[in-house]
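This is what each chain is made of:
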2 protein chains.
Amino acid sequence: MSVTRSQCANAIRALAIDAIEKAKSGHPGAPLGMADMAEALWRHNLKHNPANPDWFNRDRFVLSNGHASMLLYSLLHLTGYAVSLEDLQNFRQWGSLTPGHPEHGHTPGVDITTGPLGSGIASAVGMALAERMLAEKYNKPGYTIVDHMTYVFLGDGCLMEGVSHEACSLAGVWKLGKLIALYDDNGISIDGKIDGWFTEDVAKRFEAYGWQVIGRIDGHDAEALDKAIAEAKADTTRPSIIICKTHIGFGSALADSEKCHGAPLGPDNAKAAKEALGMPAEPFCIAEDVRNAWDAREAGAAAEAAWNALLEAYKQEHPGLAKEFVRRINGILPVGLDTVISNFITKARDAKEKLATRVTSKNVLSELVPAIPELIGGSADLSGSVGTKTASSVIMNPETYEGNYLCYGVREFAMGCIMNGLAVHGGFIPYAGTFMVFSDYAKHAIRLAALMKLRVCWVLTHDSYAVGEDGPTHQPIEQLNMLRSIPDCVVWRPCDSEECAHAWLAALRTQGPTCLSLSRQGLPFLDKGREPAIEKGGYILRDCQGTPDIILLATGSEVALCVEAAATLEAQGVKARVVSMPCCEVFDAQDEEYKKSVLPCEVRARLAVEAAWTGYWHRYVGLDGDVLGLDHFGASAPGGELAKQFGFTADNVVAKALALLKK
Amino acid sequence: MSVTRSQCANAIRALAIDAIEKAKSGHPGAPLGMADMAEALWRHNLKHNPANPDWFNRDRFVLSNGHASMLLYSLLHLTGYAVSLEDLQNFRQWGSLTPGHPEHGHTPGVDITTGPLGSGIASAVGMALAERMLAEKYNKPGYTIVDHMTYVFLGDGCLMEGVSHEACSLAGVWKLGKLIALYDDNGISIDGKIDGWFTEDVAKRFEAYGWQVIGRIDGHDAEALDKAIAEAKADTTRPSIIICKTHIGFGSALADSEKCHGAPLGPDNAKAAKEALGMPAEPFCIAEDVRNAWDAREAGAAAEAAWNALLEAYKQEHPGLAKEFVRRINGILPVGLDTVISNFITKARDAKEKLATRVTSKNVLSELVPAIPELIGGSADLSGSVGTKTASSVIMNPETYEGNYLCYGVREFAMGCIMNGLAVHGGFIPYAGTFMVFSDYAKHAIRLAALMKLRVCWVLTHDSYAVGEDGPTHQPIEQLNMLRSIPDCVVWRPCDSEECAHAWLAALRTQGPTCLSLSRQGLPFLDKGREPAIEKGGYILRDCQGTPDIILLATGSEVALCVEAAATLEAQGVKARVVSMPCCEVFDAQDEEYKKSVLPCEVRARLAVEAAWTGYWHRYVGLDGDVLGLDHFGASAPGGELAKQFGFTADNVVAKALALLKK
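Residues numbered from 1 in each chain as written. Chains lettered and ligands numbered in written order. Predicted model: local features only at pLDDT ≥ 70, side-chain atom pairs only at ≥ 80, totals over all residues. Heavy atoms only, no water.

Draft legend 1. Local environment of the interface of chain B and chain A. Counting residues at the interface gives 102 residues for chain B and 101 residues for chain A. Of the roughly 8,200 Å² buried between chain B and chain A, counting both surfaces, carbon and sulfur atoms make up 58%. In this structure, lysine 443 of chain B and aspartate 440 of chain A form a salt bridge, with 3.0 Å as the shortest nitrogen-oxygen distance. On inspection of chain B and its partner chain A, the count reaches 53 residue pairs in polar contact (both at pLDDT 80 or more). Tallying contributions element by element places helix α7 (residues 162-173) of chain B first for the side of chain B that touches chain A, with 7 residues. Within the side of chain B that touches chain A, the residues separate by chemical class into 40 nonpolar, 34 polar and 28 charged. (Contact = heavy atoms within 4.5 Å. Buried area = accessible area lost by both parts, 1.4 Å probe. Salt bridge = Lys/Arg side-chain N within 4 Å of Asp/Glu carboxyl O. Polar contact = N/O pair within 3.5 Å; in protein donor to acceptor, adjacent residues only side chain to side chain. Helix = DSSP H or I, 4+ residues; strand = E, 2+ residues; numbered from the N terminus. Nonpolar A, V, L, I, M, F, W, Y, C, P; charged D, E, K, R; others polar.)

Below is the structure:
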C-alpha cells in the first residue's frame, strides 16, 4: 500500500514536535501549519540534490519565516541531506547542525540565513534576479545551463515588515516570473489574532506590485497546492504569490492559537497531537515506507548528473563562456586585478589630484567594472551622487535581463537584502551605494551579510558633517562606529585615491561585507613614500625622526589635516608621527609586532582625528590620549563653514596636540 | 483686482527659486511642483496660528519629502510665522532658521523633522492617532477641545521606503479618518524617470490598506485640489490619499526632469522661470497684495482665541479632566512618581527576588501605567516576551480610540516613527518593546527621536547571547554600542529591579529617547548598601578597603558576575572594586570629581565586563585595562551553556582580572 501525502506531511510534523519537545524550546506552530505546503513543494516540485547542497542549478528555497526551522531541518533530513536524526535530536544545542533559526554555511541545504522577518523574501528577490541574469548571459540554444526556481515560504510577519514591500515592489518591476512565494496565511502572530494589526488585503497589495496572485487556497489540500504551484510556474513574466489558508499548529490541540507559535506544545499536547496525526508515540520514529517516500537522493543525483553532462557539452561548444561561468559560480576573481589596481595607483600618484573619494571610488570602479563581469552595481536612487554608475554600467533591462546595474529606487533595506541574495546565490559580486547616514535603514541587511560572510560592498558616501547644507538629518555621526562594531564587517575610510584603490581591492577579496566610507568633498592626494603599507589597514604615513612625541591617527578626510598639523608641530620642535588608519579591522588583525611598530606602547600621547563619534577611538588612544571628533549632531551650512565651527582644521589639531603634550 | 491663486502659488515658487539660487544649494523641483497643492491646503484648509506655532489644536503639517524645505519655509514666511525674508535669504547657512531639511524645535512652525524619506508619513500616523485618542478621552458634549487634521505631503521616495508600507497599513487598521496625505506624483526621482524602478499601482496599494484613494487629479488645478481635499475630509473613517499628478520643477525649463530635483536651477533658468511665472526678476520680491492674500495671522489668532475660550469654559465644566489635559499637553509628569518608584524599590529590597530585568521592567510599568495616563505602550508583536503589556494596559480600539496600548504588528521602524509622532504631537509619552537585535530595523527612528529630543522609551529585551536557543540572528552583539553612540540617546542597562526602577524614572524625565537594555534571563537582586548613587549612571556597588588593586566595571547581567568575582579575588588578597555602570551617558555627564571618585585615575587595572562588543569599553579601561565581551556572533544553545562557552562566568572574570594584574 502506498504512503499517503498526509502521512508524508505528518512525518515533518512529528519530527518538529519531537525535536522541539526535546529541546524544550522552539516554534512548533509554523512547521505544523506549513507541512502540507512543504510536502507539495519538496516532494513534487523542488529540484535539488541532497548529496550536493551546493549544486548550482538547484532550485533555491527560502524559509523567510525562519522560526519554522524545524520544518526545514525535517525536510533536509527526510529528503537525504547530511542532517541526521541525531542532528534533529540536538535541535538548538551547542555545536549542533540545527540551530534555532536556519544558518547558511552552517547546515547543509540551508540556502540562506533567516529569522529576522522580511529579510528572506527580500533576499529571494536577489536570488531570482541572479538566476535570470546568469541565464541571459550564459544560456545558449540547446544549453539551458541556468534554469531554476526560487521558492519562498513566508508568513504574516514577513508581510508586515517594510522590507517585504520594498523588495516585492521591485520584483514586480523586474518581472521575476521564476520567483514563487507561498504565504502561510494562518491569521495568527505572536500577539494573537492578527485582525487587530494586520487587516490589509494582501492579494490586492501584490496585484498592485504586478504579481500573479493565486488563492486563497486551502493550504492543507495537496491537490489545491499542486494546482497552484503549477499555475505559478506557468506565468513566466510575473512573480507569483500563493495565498495558503492554513491552521497554525495543525493537528494539535493548540491549533489556531498563538500559544503554539513560540513554545513547545508540552508533553501532553505533543502526545495527543502525534496520536491525532497517526504518528507513532515513540519520539523521532518515522516508518520506513514514509522515509522511502521522502527520499530525494536518487532523483536528485540524476538531475545533477544530467546537468553536469550538459555543462560538459557546453564547455566544448562555448569554452570561453563556460570558463567564465565556472569561474564566476565558484566565486573566483578574474586574474589581473592587481595590475588594474597598481596601474590605477601609478596614475593617481602622477596626477596627485584633489578629488572627493566618492569620485575616486567611481574612477576605480570605472576600471573594475569592465574587468569583472560578476560585478553588479546599483544605488538607492543616488547613482550620480555616490558614483556607482560607471561608463561601463548598463541598467538591467527586465525584458532581457541584460545589464550590470540596478536602480533600486529609494529602498536601502531591500537593496541590502537583494545584494545578499545575489551574493549567496553565486555568480555575482554586488556593490551599491547610498549616503552613509542611510546605512541606518539597511543596517540589519549588513549584519546578515556579515553573519553569512557574503561578499557585498557598500559604497557609503557623504560620510561626515561635510555633507554640509543638507544638514543634520543627512550628516552621519555614529554610523562609522555602528558599522565597525558589526562582527565580520569591514569598514574602509580612504584618505585619497591610492587608499581608495586598495580599499576596493580588499573589498573584492573579503569574504564578508565591506563598507566604503567616502567623502563628498575634495581631498588632496597625499605623499606617502614609495610603498605605504595600506593593505595592513593602518600605517605610518608621515614619520618624524626618532621616537615621536605624539602620534596623530586619522582616517579619510581628516588625514590631510593631520599631515598639515604635523608639519606645523615639527616647525615648533614637536616630533609628530601621522598614522593613517583606513581600515581598523584589518589593522587589528596584524601581528603584535607590526601594530607596535606603528603605535609604540611607550608613546601615550596619541590624538585621533575623525569626523565621527569619538568613543570609538579610545581603543587606540586610551585614557592618556584625546580624540577630535563629533559627539553631537551636525548642522546645515556649507561644509567649509562647518569644518571651522566643529574644529576640523589643522590649527585645531595642532592646538589639541599641544594641549595633550602639556597634560 | 484680486490676487489669483496661481499668483499665490507662484510666490512660493519664486521664493524657493531665489533662496536656492542664493544658497547655491537645495532642491527646487519639489517646491515648484507642489506649490499649487500647498496653496490649496494652506490658504483654504489648514487651521493654524502663525503667532503661536505651538497652539495645541492646530492642524499638523508633515512635509514627508523634507528636501522640499523651501516650500515649507516659504509658507511659514508668507502666512506670518517668525520666519523673515532674511531667514529665507540665509537658507542653508550656519545659524539660520532655514536648514537644508526642516528641523522641529529649530524653526517655528515646523511640526516634525523630515528628510529621511518615509519617516514623515510614518510619524504622521502617530500624530493622527494622538489626536483621535486625546479626543476620545477629553472631548465632552459641547467641548470639542481636540479636533484637528494631520496633513502630509509626500513623494515617490516616501512610497518606495518600506516604512511607508508599515505605517500606512496600520493607519488603515486604525481607521485614521483625519489623516490626509497628498502624494506628489511627479514620476521623477533622483535617478530619473521612475518607470524603471517604481511601477506599482499606488492607488490599488492604498485601497488594499483600507484607505480612501482620491485621484489621480491634476496637482496644478486649484479647484480639483479643493474638491479632493473636501472629499478626503468628508470620509471620517478612513485615511485618505490624494494622488496629485504634478510636474517637478513646474514653470522652469527643467520641468519634468530629475535635473531640477537636487540642484539650483542656475541663474539663467531661474530668471526664465520667474519670468514665465510672472514674478518680478528682483530676488525675494513679493507684491504686497500677494503677501496680504497669504497672511494667515488674523484668521489664525481668531481660531486660537476661540479655542482658548472653549478651553476656559471646559476648565469650568470639567475641572479634573481639564487639569489633566493641560498637564499632558504641556509635557509635565504627574506628581508622586518618586513615591511610586521609591515604594517599588523598598519592596524590591525586601523581596530580593531573582528576576529577569524584562520582568522587573514589567513590574515597574505595572506601577507606572495606572499612575501616568499619558503613557502609551506597545510592542512589535512581542508583547508577552518584552513585558510591555501590563494588567492596566488596554489595547487601543480603533472604533472608539479608547485604550493605552498599541499592537504595532511586526513593524519596528514604523513603531519607532509612530512613537515619534505621538511624542511630537504632545499629550503622550510612548514606550514600546522588541528584542534588542531588532532595534536595527528601527535604528533611524531612534536617531530622529534623538535629533528632535523626543521623550520615547524603547524596551529592548533579550539583550545578549543569553537569548540562547534562538541563535545568532536573535543575539545582539553590536547593538548596545550602536545605540549609545547616537547623540542624545540614553541607554540604561540595569542589573536588577532596583536599577531598573531608576532607569524607568530617568527615562520619563529625559527629553530624548531612552533605550532600556533588559535581560531575558533571571538576575539576582544585588545588595548595594543603603543609598547607591544609581541616578548618577555609574557608582561603586561593592568596594574594598583602601585603593583598589583592580576595578571591575559591568552593566546589567554581568554585574552579578563581577560581584561574585570580587569576593573570590578578595579571598585571594586582591582588592577589587565593583562599579555598576547602568547608564554611561549619565555617568559621563557627572562632574570630574565624582567620576574620579568612582574611577580613580591612578587605578589603571580595570576590567570591563559586558556581553557585547568590547570596543565600547576602552573609553573607561584605556590601553592598560581589558574587556571581557563578545566580538563575534553568538550561537544557538541554552543560555547557560553559552555563558560557559563565551566565558561569562565569575571564574573567568577572576582569571581575566588576575591576568591583568600580572601584566
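Draft legend 2. How the structure looks around the nonpolar core. Judged by nonpolar contacts, the single largest core of 370 residues is most densely connected at Trp174 and Leu552 of chain A together with Trp174 and Leu552 of chain B. When neighbours within four sequence positions are excluded, tryptophan 174 of chain B is seen to be in contact with Val125, Leu129, Met396, Pro398, Tyr401, Leu406, Cys407, Tyr408 and Ile418 of chain B. (Core = buried A, V, L, I, M, F, W, Y, C linked by side-chain atoms within 4.5 Å. Buried < 20%, exposed > 50% of the residue type's maximum accessible area, 1.4 Å probe, protein only.)

Draft legend 3. Region of the structure containing empty space enclosed by the protein. A complete count under the given rule lists 5 cavities of 30 Å³ or more for this structure. By volume, the largest cavity amounts to about 110 Å³. If you list the elements that add at least two residues to the lining of the largest cavity, you get α7 (162-173) and α17 (412-425) of chain A together with α7 of chain B. Estimated volume of the second largest cavity: approximately 70 Å³. Lining the second largest cavity, in full, are Trp42, Leu46, His48, Pro53, Arg58, Asp59, Phe61, Leu72, Tyr81, Gly109 and Asp111 of chain B. Along the lines of polarity and charge, the residues of the lining of the second largest cavity split into 6 nonpolar, 2 polar and 3 charged. (1 Å grid on protein atoms, 1.4 Å probe; cavity = no way out; pocket = protein on both sides within 12 Å on 5 of 7 lines; lining within 4 Å. Points joined across faces, edges and corners; volume = space filled by probe spheres on them.)

Draft legend 4. Structural context of the sheet that holds strand β13 (residues 490-492) of chain B. Residues and elements named next belong to chain B. Read from one edge of the open sheet, 6 strands run β10-β9-β11-β12-β14-β13, paired in parallel fashion. Bordering the open sheet on either side are β10 (405-407) and β13, each of which pairs with just one other strand. Strand-to-strand, the axes of this sheet are offset by a mean angle of 20°, without reference to chain direction. Direction of pairing for strand β11 (residues 429-435) relative to strand β12 (residues 457-461): parallel, over a ladder of 5 bridges. Counted as the bridge partner of phenylalanine 435 is threonine 461 from β12. (Pairing = 2+ DSSP bridges. Axes fitted to C-alpha atoms, helices over the stretch in contact; angles between N-to-C directions.)

Draft legend 5. A look at the state of the cysteines. Counted according to the given criterion, the structure contains 0 disulfides over all chains. Among the cysteines around cysteine 495 of chain A, which has no disulfide bond, cysteine 500 of chain A carries the closest sulfur, lying 9.9 Å off. Classification of cysteine 495 of chain A as buried rests on a relative accessible area of 2%. A disulfide-free cysteine, cysteine 515 of chain B has its sulfur positioned 3.9 Å from the sulfur of cysteine 489 of chain B, the nearest such atom. A residue is classified by how much of its surface remains accessible, and cysteine 515 of chain B, at 1% relative accessible area, is buried. (Disulfide = S-S within 2.5 Å.)

Draft legend 6. Representation of unusual backbone geometry within the structure. Residues and elements named next belong to chain A. The residue after glycine 215, namely arginine 216, is reached through a cis peptide bond having omega 5°. Tracing the backbone shows arginine 216 in strand β6 (residues 212-218). Unlike most non-glycine residues, aspartate 256 shows phi in positive territory, near 65°.

Draft legend 7. Up close: the pairing of β11 of chain B. Residues and elements named next belong to chain B. With 7 of its 7 residues buried, β11 lies for the most part within the structure. As defined by bridge partners, strand β9 (residues 375-379) adjoins β11 across 3 bridges and the pair is classed as parallel. Directly across from serine 379, in β11, lies its bridge partner glycine 433. In this region the chain leaves β11, passes through helix α18 (residues 443-452) and returns to the parallel neighbour β12; the handedness of that crossover is right-handed. (Right-handed = clockwise from strand over helix to strand, strands pointing away.)

Draft legend 8. Representation of the relation of the copies chain B and chain A. If you rotate chain B by 180° and push it 0.0 Å along the axis, it lands on chain A with an RMSD of 0.0 Å. The relationship between the two copies is best expressed as a two-fold rotation axis. Of all interface residues in chain B, 99% are interface residues in chain A too; the two copies therefore contact each other through one and the same surface. (Least-squares fit on C-alpha atoms with pLDDT ≥ 70 in both.)

Draft legend 9. Focus on the pattern of salt bridges. Residues and elements named next belong to chain A. Taken as a whole, this structure holds 74 salt bridges over all chains when the rule is applied. Glutamate 131 is paired through a salt bridge with lysine 178; the nearest N and O atoms lie 2.8 Å apart. Of the two residues, glutamate 131 sits in helix α5 (residues 119-138) while lysine 178 sits in the loop between α7 and β3 (179-185), which places them 47 residues apart along the sequence. For lysine 178, a relative accessible area of 13% puts it in the buried group.

Draft legend 10. Region of the structure containing the sheet that holds strand β19 (residues 606-609) of chain A. Residues and elements named next belong to chain A. Pairing is mixed in the open sheet, where 5 strands are placed in the order β16-β18-β17-β19-β20. At either margin of the open sheet sits one strand with a lone partner, and together these are β16 (539-542) and β20 (626-628). Across the sheet, the mean angle from the axis of one strand to that of its neighbour is 30°, orientation sign disregarded. Note that strand β17 (residues 550-554) and β19 share 4 bridges and pair parallel. Paired with leucine 553 across the strands is alanine 608, a residue of β19.

Draft legend 11. Looking closely at the pairing of strand β2 (residues 150-155) of chain A. All names here are of chain A. Here β2 lies mainly inside the structure; 6 of its 6 residues are buried. A two-sided burial pattern is seen for β2, the buried positions comprising Thr150, Val152 and Leu154 on one face and Tyr151, Phe153 and Gly155 on the other. As paired elements, strand β1 (residues 60-63) and β2 share 4 bridges and run parallel to each other. Counted as the bridge partner of phenylalanine 61 is tyrosine 151 from β2. Taken together, the 6 bridges between β2 and β3 define a ladder with parallel strand orientation. Paired with valine 152 across the strands is alanine 181, a residue of β3.

Draft legend 12. Molecular detail of helix α9 (residues 222-234) of chain B. All names here are of chain B. Over its 13 residues, α9 runs 18 Å from end to end, which matches the ideal 18 Å to within 8%, given 1.5 Å per residue. Burial in α9 covers these residues: Ala222, Leu225, Ala228, Ile229 and Ala232. Along α9, the residues classed as buried sweep out an arc of 125° about the axis, all on the same side. Projecting away from the buried face of α9 at angles above 90 degrees are the exposed residues Glu223, Lys227 and Ala234. Elements in contact with the buried residues of α9: α1 (5-23), α2 (29-44), β3 (179-185), β6 (212-218) and β7 (240-245). Where α9 begins, one side-chain oxygen reaches toward the backbone nitrogen of glutamate 223, 3.0 Å away; that side chain belongs to aspartate 221. (Expected span 1.5 Å × (residues − 1). Arc of directions from axis to C-beta.)

Draft legend 13. View of helix α26 (residues 650-662) of chain B. All names here are of chain B. For α26, spanning 13 residues, the distance from its first C-alpha to its last is 18 Å, which sits close to the expected 18 Å at 1.5 Å a residue. Where α26 is concerned, the buried positions are Ala650, Val653, Val654, Ala657 and Leu660. Here the buried residues of α26 occupy an arc of 125° about the axis, which is enough to place them on one side. Along α26, exposed side chains directed more than 90 degrees from the buried face belong to Asp651 and Lys662. Among the structural elements, β17 (550-554), α21 (559-571), β19 (606-609) and β20 (626-628) are those in contact with the buried residues of α26.

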